[in-house]
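Structural overview
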Amino acid sequence: MLNVTLYTDGAARGNPDGPGGYGAVLQFVDSGGNLHERELSAGYQKTTNNRMELMAVIAGLEALNKPCCVEVISDSQYVTNAFNKGWIDGWLKKNWKGASGPVKNVDLWKRLLAAAEPHTLHFTWVKGHAGHPENERCDRLATSAADGDHLLTDTGLGQI
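Below or above, wherever it landed, is the structure these notes cover. On a predicted model such as this, the values are computed, not experimentally measured, just so you know.

On to the side chain of Gln27, then. Looking at the secondary structure, you find Gln27 in strand E2 (residues 20-29). Only 3.4 Å separates the side chain of Gln27 from the side chain of Glu134, close enough to count as a polar contact.

Right under this line is the structure:
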């Protein structure tokens, strides 16, 4: 299986009534030692930071056309803790209920799980705005998408 690194970030302005965007960068090295990259981003009219963080991971995983070993590197503890601390397993066992009630963004969590299905995933958290070059790059992609002229109405999947 191909080893892929997926860097992600999301941004929202006026959370939840303002626009937002996500940025993702896929990287892998081929058998000849050549680095390959792909940038992904999109902006939405009204959204939240958490939705954009999830969309970044989903977009990256959905861009892969075969099963891969994927290291997801994100500054979102919301995303990384869901997998690394087993939150998502608990939510599934409790029919998408958490300690404080129904889980938000269930539509996107379900879509992320479907996109993750063929892959082997590992999640790593990095501190945002701390100079990590790829995290900063994803942040620039996300904010540029949020500030763009061609904003989508939503992820098309339900709640904000």
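For helix H4 (residues 106-116), every residue scored as buried is listed here: Val106, Asp107, Leu108, Trp109, Leu112, Ala115 and Ala116. Against the buried residues of H4 lie helix H1 (49-62), helix H2 (77-84), helix H3 (87-93) and strand E7 (120-125).

Looking now at the pairing of strand E4 (residues 68-74). For E4, a buried count of 5 out of 7 residues is recorded, marking the element as mostly surrounded by other parts of the structure. Inspection of the sheet shows strand E1 (residues 2-12) paired to E4 by 7 bridges, in the parallel sense. Bridge pairing in E4 links Thr8 to Ser74. Alignment of E4 against E7, held across 6 bridges, turns out to be parallel. Paired with Ser74 across the bridge in E7 is Trp125.

Here the focus is the packing of H1 against H4. Here H1 crosses H4 at 20°, and the two axes come no closer than 9 Å. In terms of orientation, H1 and H4 fall into the roughly parallel class. Both H1 and H4 take part in a crossing whose hand is left-handed. For the pair H1 and H4, the contacting residues are Arg51, Leu54, Met55, Val57, Ile58, Leu61 and Glu62 in the first and Asp107, Leu108, Trp109, Arg111, Leu112, Ala115 and Ala116 in the second. Tallied by class, residues from the contact of H1 with H4 come to 10 nonpolar, no polar and 4 charged.

Reading the values: the criteria
- Residues numbered from 1 in each chain as written.
- Predicted model: local features only at pLDDT ≥ 70, side-chain atom pairs only at ≥ 80, totals over all residues.
- Heavy atoms only, no water.
- Helix = DSSP H or I, 4+ residues; strand = E, 2+ residues; numbered from the N terminus.
- Polar contact = N/O pair within 3.5 Å; in protein donor to acceptor, adjacent residues only side chain to side chain.
- Buried < 20%, exposed > 50% of the residue type's maximum accessible area, 1.4 Å probe, protein only.
- Contact = heavy atoms within 4.5 Å.
- Pairing = 2+ DSSP bridges.
- Axes fitted to C-alpha atoms, helices over the stretch in contact; angles between N-to-C directions.
- Parallel < 35°, antiparallel > 145°, perpendicular 65-115°, else oblique.
- Left-handed = near helix turned anticlockwise from the far one by under 90°.
- Nonpolar A, V, L, I, M, F, W, Y, C, P; charged D, E, K, R; others polar.

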